Amino acid sequence: MTGAHRPAEAGRTAGTETTGTDETTGTETTGTDEMTGTGRATGAGGLPEIDVAGAARTRHPLRWVASIVLLVLAAQLVSLLVTNPNFQWDVVGRYVNAQLIGQGIATTLLLTVIAMAVGVVLGVLLAVGRLSENPVARGACGLYVWFFRGTPVLVQLVLWYNLSYLLPEISFGVPFGPEFVTADTNALITPLLAAILGLGLNEGAYMAEIIRGGLMSVDPGQSEAAAALGMSDARTFRRIVLPQAMRFIIPPTGSQVISMLKATSLVSVIALADLLYTVQSIYNRTFQTIPLLIVACVWYLVITSILYVGQSFIERHYARGATRNAPQGFWAFAALRRRRSTEVTS
Amino acid sequence: MSSVPMVHARAVRKHFGHLEVLKGIDLDVGAGEVVVVLGPSGSGKSTFLRCVNHLETIDGGAIHVDGELIGFQASGGKVRHLRKKEITRQRGEIGMVFQQFNLFPHMTVLQNVIEAPVGVRGEPREQVRERAHALLRRVGLADKAGSYPRRLSGGQQQRVAIARALAMRPKLMLFDEPTSALDPELVGEVLATMKGLAEDGLTMIVVTHEIGFAREVADRVVFMDEGVVVESGTPADVLDNPSSPRTKAFLSRVL
Ligand SMILES: Nc1ncnc2c1ncn2[C@@H]1O[C@H](COP(=O)(O)OP(=O)(O)OP(=O)(O)O)[C@@H](O)[C@H]1O
Ligand SMILES: [Mg+2]
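Within an unreviewed UniProt entry, the label attached to chain B reads ABC-type polar-amino-acid transporter, and the organism entered is Nonomuraea fuscirosea. According to the UniProt record, the Catalytic activity (unreviewed entry) comment for chain B reads "a polar amino acid(out) + ATP + H2O = a polar amino acid(in) + ADP + phosphate + H(+)". Quoted verbatim from the Subcellular location (unreviewed entry) heading of the UniProt record, the comment on chain B is "Cell membrane".

An unreviewed UniProt entry annotates chain A as Polar amino acid transport system permease protein originating from Nonomuraea fuscirosea. Turning to chain A, the UniProt record has this under Sequence similarities (unreviewed entry): "Belongs to the binding-protein-dependent transport system permease family."

This is the structure we're talking about:
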């Protein structure tokens, strides 16, 4: 109710400032009839003289209802989390910093970073291939994307892990000709390599589509202007097209990184000890399933939050010059404020 | 006109699929000459300009710029397509200004201007930077060096685009309707800049609908229609005494 009073007061001051009639102060809303009535008497050219400064704000009773409902629900959730003993927060606290868990996190992060790197590099190549004038390259890259997006990652992981089943030996040499190096597949494909191949090659297909979309969203006039200035195709791509495409590439790539972070948990099927696998191996012994899964979730959320902050910084970098108005993010705003205040004091 | 013209186009043909856009264009532009190209929409004006710096590959005829065959190599009676590297070098010597400005929005005005001389020609950055500031002063934008293009008005953007092209010290400048995307009150500032360049002796081919500019600045006016040059002569000849009924019809519509 206190909230509802303020706008009415604002309306009253506005009324006294502009027309100072009793009709406007009498009503809480703008009171169109009275306003036009007095306006007709005082305004020039037959229109009422009005100053909208300090106008009464529109009230939103539904917003208040929604907020209260949400707050109640949140309070219930917190109380459930705190009072329900089955969450075993003491166990969560004990394991959340455990060294074993730390190793799992390290594996998860390592896999995420390497698989994403493979995916991005591959994605750029595939995207350029799909946009090239060479029909063979276009077809091959299209086929790659079709296959790797169209089959489950889990299957791809298992296939790479069991590659020796299909190809007992891997040789490098002239195609259909002499071979220079031959290696035993089982020794070559470690679980880590299988995981990197499985996740990275799959990611490449998704990144290819994201990057292709980004590249296509750049105005063709940009490449034309670059060509007219004598830039090579490679330089045009690197300096002109890609930086502008980044604005469209970064947000979905951020989601891909987070998906990848969680997709790495699939590698537990090939016995690689990532965060989830480590947690599972502990609760298989101790049967503290829920608290240990909470530990894993806490860490996934921590990493995701850090990624989120990183993403917003990268986004701001590539947004430079993109809009007419300077992007005013929180940090830029804070920095500006600080600079201005130092200027004043010095 | 000097002995070797800056631009020498003979029987230039270009088609897109079945559509024949240029049906044998002949045009000579002397060094320091300003030629204004007029013509109805779809007559092939833009296509011709884009052929001059090989943004489009011509299908027949030949274009020479400053005595050099554009896009091709002729030796021992054989003609071959030039390598990419040579094509980009040739383009770097011909400036082009587009209707839609096409500034690089992720770079500041100064970065736009120095990008090609530094990145393509490998000129020392400091030297180019000085030249860029001088060019920005010349187009009246000395104070905008640090701005991003999207925060400039259309007229300012087009003047930056002119400075960017000039930074490569082109032998020849091509303007494709440089003022058509501008609000009427901004057209004047761009035309004034172009007039300054003409007075400094730059060779220019300008596609425009600004008849006033043609009358005042052009050494020669060329009227194109349906892929051919219909008429060519001094501004007075073509604009006031057109000999072809097609030119007459066009002028009566735009004047
Ligand atoms: N890349 C292309 N592919 C197919 N057709 C094209 C292409 N570029 C131009 N054309 C066609 O060629 C013809 C001439 O186009 P051009 O842009 O040269 O005309 P213009 O004289 O510049 O006209 P405007 O005054 O409208 O700019 C038009 O019919 C156009 O549709
Ligand atoms: Mg055109």
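**Description of the UniProt feature "domain: ABC transporter" (unreviewed entry) in chain B**
Using the residue numbers shown here, the UniProt feature "domain: ABC transporter" (unreviewed entry) corresponds to residues 7-251 of chain B. Across residues 7-251 of chain B one finds 37% helix and 28% strand; the C-alpha atoms that close the span lie 26 Å apart.

**A word on a nonpolar patch on the surface**
Nonpolar side chains collect at one region of the surface, where Leu62, Val65, Val69, Leu70 and Leu73 of chain A lie side by side and expose about 500 Å² of accessible area between them. Mapped onto the fold, Val65 of chain A is located in helix α4 (residues 61-83).

**Examining the environment of His15 of chain B**
All names here are of chain B. Counting through the fold element by element, His15 comes out in strand β1 (residues 7-16). In sequence terms His15 and Asp59 are 44 residues apart; their C-alpha atoms lie 7.2 Å from each other. Once residues lying within four places of it in the same chain are set aside, the contact partners of His15 are Glu20, Val21 and Asp59.

**Some points on the UniProt feature "transmembrane region" (unreviewed entry) in chain A**
Residue and element names in this part refer to chain A. In this structure's numbering, the residues bearing the UniProt feature "transmembrane region" (unreviewed entry) are residues 64-84, 104-129, 141-163, 183-202, 263-283 and 289-310. Annotated as 95% helix and 0% strand, the span residues 64-84 places its first and last C-alpha atoms 30 Å apart. Helix makes up 48% of residues 263-283 and strand 0%, whereas the separation of the span's terminal C-alpha atoms amounts to 21 Å.

**Description of the sheet that holds strand β5 (residues 68-69) of chain B**
Residues and elements named next belong to chain B. Taken together, the four strands give an open sheet; going across it, the order is β2-β1-β4-β5, and neighbouring strands pair in antiparallel fashion. Pairing within the sheet leaves two strands with one partner each, and these edge strands are β2 (19-29) and β5. Pairing geometry for β1 and β2, over eight bridges, is antiparallel. Opposite Phe16, over in β2, you have Leu19 as the bridge partner. Where helix α1 (residues 45-52) meets the sheet, it contacts β1, β2 and β4 (60-65), and its direction lies at approximately 60° from that of β2.

**Some thoughts on α1 of chain B**
For an α-helix the count is 3.6 residues per turn, leaving residues at separations of three or four pointing the same way. Residues and elements named next belong to chain B. Across the eight residues of α1, seven count as buried, placing the element largely inside the fold. Of all the residues in α1, the buried ones are Lys45, Thr47, Phe48, Leu49, Arg50, Cys51 and Val52. Looking one or two places after α1, you find His54, whose phi comes out positive at around 65°.

**Details of the interface of chain B and chain A**
Across the boundary between the two partners, chain B contributes 28 residues, which contact 26 residues of chain A. When the two sides are added together, the surface that chain B and chain A hide from each other amounts to roughly 2,300 Å², 53% of it contributed by carbon and sulfur. Sorting the residues of chain B by area buried against chain A places His106, Arg150 and Arg151 of chain B first, and these three jointly supply 28% of that buried surface. Along the contact surface separating chain B from chain A lie four salt bridges. Two residues, Arg50 of chain B and Glu224 of chain A, come together in a salt bridge whose shortest N-O distance is 3.0 Å. For the interface between chain B and chain A, the tally reads seven residue pairs in polar contact (both at pLDDT 80 or more).

**A few points about the site of ligand 1**
Residues and elements named next belong to chain B. Within the structure, ligand 1 sits among Phe16, Leu19, Val21, Pro40, Ser41, Gly42, Ser43, Gly44, Lys45, Ser46, Thr47 and Glu177. The contact in question runs from an oxygen atom of ligand 1 to an N or O atom on the side chain of Lys45, over 2.8 Å. Taking Thr47, its side chain carries an N or O atom lying 2.5 Å from an oxygen atom of ligand 1. For ligand 1, whose free accessible area comes to 640 Å², the fraction covered by protein is 59%. Among the elements of the structure, β2 and α1 are those that each provide at least two residues to the shell around ligand 1. At three residues, the largest contribution of residues to the shell around ligand 1 is made by α1. Within the shell around ligand 1, the residues separate by chemical class into four nonpolar, six polar and two charged.

**So, the layout of surface pockets**
Its volume calculated, the largest pocket comes out at about 980 Å³. Surrounding the largest pocket, 28 residues form its lining, Glu133, Ser223, Asp233 and Thr236 of chain A together with Lys84 of chain B being those nearest its centre. Sorting the residues of the lining of the largest pocket by element identifies α6 (99-131), α11 (191-216), α12 (220-228) and α13 (233-263) of chain A together with α2 (84-92) of chain B as the ones contributing at least two each. Looking at the lining of the largest pocket, the element that brings in the most residues is α13 of chain A, giving five residues. Residue composition of the lining of the largest pocket, grouped by class: 13 nonpolar, eight polar and seven charged.

**Things to note about the packing of aromatic side chains**
Geometry of an aromatic ring pair is reported as the spacing of the ring centres plus the angle between the planes. The final tally for this structure, using the stated rule, is four aromatic pairs over all chains. Residues Phe147 of chain A and Phe148 of chain A carry aromatic rings whose centres are separated by 5.2 Å and whose planes lie at 80° to one another, so their mutual orientation is edge-to-face. Relative accessible area serves as the criterion here: at 40%, Phe147 of chain A is assigned to the partly exposed category. Between Phe223 of chain B and Phe250 of chain B the ring centres are 5.2 Å apart and the planes differ by 45°, which places this aromatic pair in the tilted class. One end of the pair, Phe223 of chain B, is in strand β11 (residues 220-225); the other, Phe250 of chain B, is in helix α9 (residues 245-254), and 27 residues separate them in sequence. Phe250 of chain B carries the same exposure label as Phe223 of chain B, and that label is buried. Put simply, the rings of Tyr144, Phe147 and Phe148 of chain A touch in pairs and so form one group of aromatic residues. Sitting over the ring of Phe248 of chain A, Arg247 of chain A keeps its end group 5.1 Å from the ring centre.

Here is what the cut-offs are and how they apply
Residues numbered from 1 in each chain as written. Chains lettered and ligands numbered in written order. Predicted model: local features only at pLDDT ≥ 70, side-chain atom pairs only at ≥ 80, totals over all residues. Heavy atoms only, no water. UniProt positions renumbered as here; feature names shortened; annotations may be inferred. Helix = DSSP H or I, 4+ residues; strand = E, 2+ residues; numbered from the N terminus. Patch = residues over 30% accessible without salt bridge, like charges linked within 9 Å, V, L, I, M, F, W, Y side chains within 5 Å. Areas by Shrake-Rupley, 256 points an atom, 1.4 Å probe, with all protein chains shown as cover. Salt bridge = Lys/Arg side-chain N within 4 Å of Asp/Glu carboxyl O. Contact = heavy atoms within 4.5 Å. Pairing = 2+ DSSP bridges. Axes fitted to C-alpha atoms, helices over the stretch in contact; angles between N-to-C directions. Buried < 20%, exposed > 50% of the residue type's maximum accessible area, 1.4 Å probe, protein only. Buried area = accessible area lost by both parts, 1.4 Å probe. Polar contact = N/O pair within 3.5 Å; in protein donor to acceptor, adjacent residues only side chain to side chain. Near = heavy atom within 4 Å. Nonpolar A, V, L, I, M, F, W, Y, C, P; charged D, E, K, R; others polar. 1 Å grid on protein atoms, 1.4 Å probe; cavity = no way out; pocket = protein on both sides within 12 Å on 5 of 7 lines; lining within 4 Å. Points joined across faces, edges and corners; volume = space filled by probe spheres on them. Phe/Tyr/Trp six-rings, centres within 6.5 Å; stacked < 30°, edge-to-face > 60°. Lys NZ or Arg CZ within 6 Å of the ring centre and 35° of its normal.

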